[in-house]
Structures are given as structure tokens and as C-alpha cells.
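# Fold and contact review
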Amino acid sequence: MNTPLEAKKVSESAVEMRSLVMPNDTNPQNTIFGGVVMSWIDMAAAMVAERHSNRPVVTVHVDDMSFKAPIKIGDHVLIKASINYVGKTSMLVGVKVIAENPFTGISRHTTTAYLSFVALDDIGRPIQIRGLILETEAEKRRFQEGKNRVEAMKKNNLKK
Ligand SMILES: CC(C)(COP(=O)(O)OP(=O)(O)OC[C@H]1O[C@@H](n2cnc3c(N)ncnc32)[C@H](O)[C@@H]1OP(=O)(O)O)[C@@H](O)C(=O)NCCC(=O)NCCS
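Let us look at the structure shown here. Just so it is clear, the model here is predicted, and its values are computed rather than measured. Along each chain, numbering runs from 1 in the same order as the chain's sequence is written. Predicted model: local features are reported for residues with pLDDT of at least 70 only, side-chain atom pairs are reported and counted for 80 or more only, and whole-chain, interface and lining totals are derived from all residues. Note that water and hydrogens are dropped before the side-chain values are worked out from all heavy atoms of the structure.

Working definition: residue near molecule or strand if any one of its non-hydrogen atoms lies within 4 Å of it. Near the ligand, the surroundings consist of 13 residues, among which T59, K88, T89, S90 and V118 are the closest. Whenever a nitrogen or oxygen atom comes within 3.5 Å of another N or O atom, the pair is scored as a polar contact, on the condition that within protein one atom can donate a hydrogen and the other can accept it, and that pairs from neighbouring residues in sequence are kept only if both atoms are in side chains. Between an oxygen atom of the ligand and a side-chain N or O atom of T89, the distance comes to 2.6 Å. In the environment of the ligand, an oxygen atom lies 2.7 Å from a nitrogen or oxygen atom belonging to the side chain of S90. Surface accessibility in these figures is a Shrake-Rupley result with a 1.4 Å probe; residues are shielded only by whichever protein chains are displayed. Protein contacts shield 49% of the accessible area of the ligand, which totals 940 Å² for the unbound molecule. Considering each element in turn, the shell around the ligand owes the most residues, four residues, to strand β3 (residues 57-62). Its residues assigned to classes, the shell around the ligand comprises five nonpolar, six polar and two charged. The way it works is that DSSP assigns letters per residue, a run of H or I at least four long becomes a helix, a run of E at least two long becomes a strand, and they are numbered from the N terminus. Side-chain classes are defined by residue name, with Ala, Val, Leu, Ile, Met, Phe, Trp, Tyr, Cys and Pro counting as nonpolar, Asp, Glu, Lys and Arg as charged, and the others, Gly among them, as polar.

This is the structure we're talking about:
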């Protein structure tokens, strides 16, 4: 177990979640409701943030999300989530959604999403979190892109 502020590797908190699309998840066209996918995305990303910080977390921001291809009843939905960037108390998690037809094996990348979480102390205030150890070129690129994204988000919030 890491001590509270000891930096962690991206791979130590990454999450992969697989779900089967059931009738309750779908609309009359037998494709998935957007809200069901959003809920799976939020859940996978929150687990990443909890695993990184070892604290309770809340979602504070969800970036624009678009659905590029329909996901059908019976498809498998693979959600890959990992931490991209950490601030003082907040974390940016990147999520990739892949739909797979289990009978043909054909898979499609349907959504990419970015969510921000804040770690909370025992009375619900933001608490400082550990740093991030970047091991691969992709992790370094995502960290820089995440930093740019968070700075742009802060600028945008100041304007409101
Ligand atoms: C999380 C919460 C306690 C933070 O309170 P706050 O007064 O905004 O705290 P701060 O201003 O100190 O910000 C804390 C961190 O969150 C980040 N943050 C705050 N609002 C943000 C937003 N809209 N988007 C992205 N990041 C945000 C800040 O940049 C800061 O990050 P840093 O410490 O890494 O620099 C408060 O916003 C809250 O309770 N929100 C509701 C969360 C919730 O219930 N979510 C469930 C879904 S409805």
C-alpha cells in the first residue's frame, strides 16, 4: 500500500470494465441509451480516481461527449479508463468506449470522454492528492494534453 502522497504509476489505477448490452439498456431501435453509456463511463472513471487517490471522489466536470456509432443490444461494451493528469486536489481521467460484436469479433471505437474528479477529506472538502509517475510516451502526451484541457476549462469557467 502506498503512503497517501507517494506518486503512483498510471497503470496502478487503470480500469477496464466490460458490460453486456441488455434489453433494459436500450431504446425501441434496440440500440443503447446514451445515459446508460454515460453512467458506465462515470463509474469506470470514478473508480480510477478512487484507486489513484485512495479517497472518496466526486465528479466535477464532464467534457463534451459524442457517440460516433450505435451500440446494439447483445454487444459487449469495453470501457478503458486511466488517469491522464493530476492537479492539487483534482484528477482528469480519460475514457475510451469500444463496442464489440461477440459473434463476429468486430469492434468499434464509439466514444472518447474526459472527466474531472475531486478527492475529498473526511468532511467533504477537497484534499491534496498524490502525484503521477509517467512511464510511456503516450502517458506523457496525455498528461500534456490533459494539462492544456484543464487550463482551458479553468479559463472557460472564469468567463462564466
Ligand atoms: C467538489 C467540490 C467540493 C469542490 O469544491 P470547490 O469549492 O469547487 O473547490 P475548489 O475551488 O478548491 O476546487 C478544487 C479542485 O477542483 C477543480 N474544479 C472545481 N470546479 C471544477 C470544474 N467545474 N471543472 C473542473 N475542475 C474543477 C479546481 O480546479 C481544483 O483543482 P486543483 O485543486 O487540482 O487545482 C464542490 O465543487 C462540489 O461538491 N461539487 C459537487 C460534486 C458532486 O456532487 N458531483 C456529483 C455529480 S452531481
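Additional details are given in the paragraphs that follow.
Side-chain rings of Phe, Tyr and Trp (the six-membered ring for Trp) are treated as a pair once their centres are within 6.5 Å; stacked means planes under 30 degrees apart, edge-to-face means over 60, and tilted covers the remaining angles. Tallied over the full model, the rule gives one aromatic pair. Between Y85 and F143, the aromatic rings sit 4.9 Å apart at their centres with planes inclined by 55°, giving tilted as the arrangement. Separated by 58 residues along the polypeptide, Y85 in strand β4 (residues 76-86) and F143 in helix α2 (residues 137-159) bring together distant segments of the chain. Summary of the burial criterion: residues with accessible area below 20% of their type's maximum are buried, those above 50% are exposed, and those between are partly exposed, where the area comes from a 1.4 Å probe applied to protein chains only. Note on Y85: relative accessible area 13%, which makes it buried.

Relative to the helices and strands, G34 resides in helix α1 (residues 34-53). On a C-alpha basis, the gap between G34 and I71 in space is 9.5 Å, while along the polypeptide they are 37 residues apart.

In this section: the nonpolar core. Definition of nonpolar core: a set of buried residues of the types Ala, Val, Leu, Ile, Met, Phe, Trp, Tyr and Cys, connected through side-chain atoms within 4.5 Å. Ranked by internal contacts, the top residues of the largest apolar core, which has 32 residues, are I79 and V95. At the level of elements, β2 (15-20), α1, β4, β5 (90-100) and β6 (107-119) are the ones that each hand at least two residues to this core. The dominant element in this core, judged by the number of residues it contributes, is α1, at nine residues. Any two residues whose heavy atoms approach within 4.5 Å are treated as being in contact. Here I79 is in contact with V15, E16, M17, W40, I41, A44, V95, K96 and V97, once residues within four sequence places are set aside. Grouped together as the second largest cluster of nonpolar side chains are five residues, Y85, L92, Y114 and M153 included.

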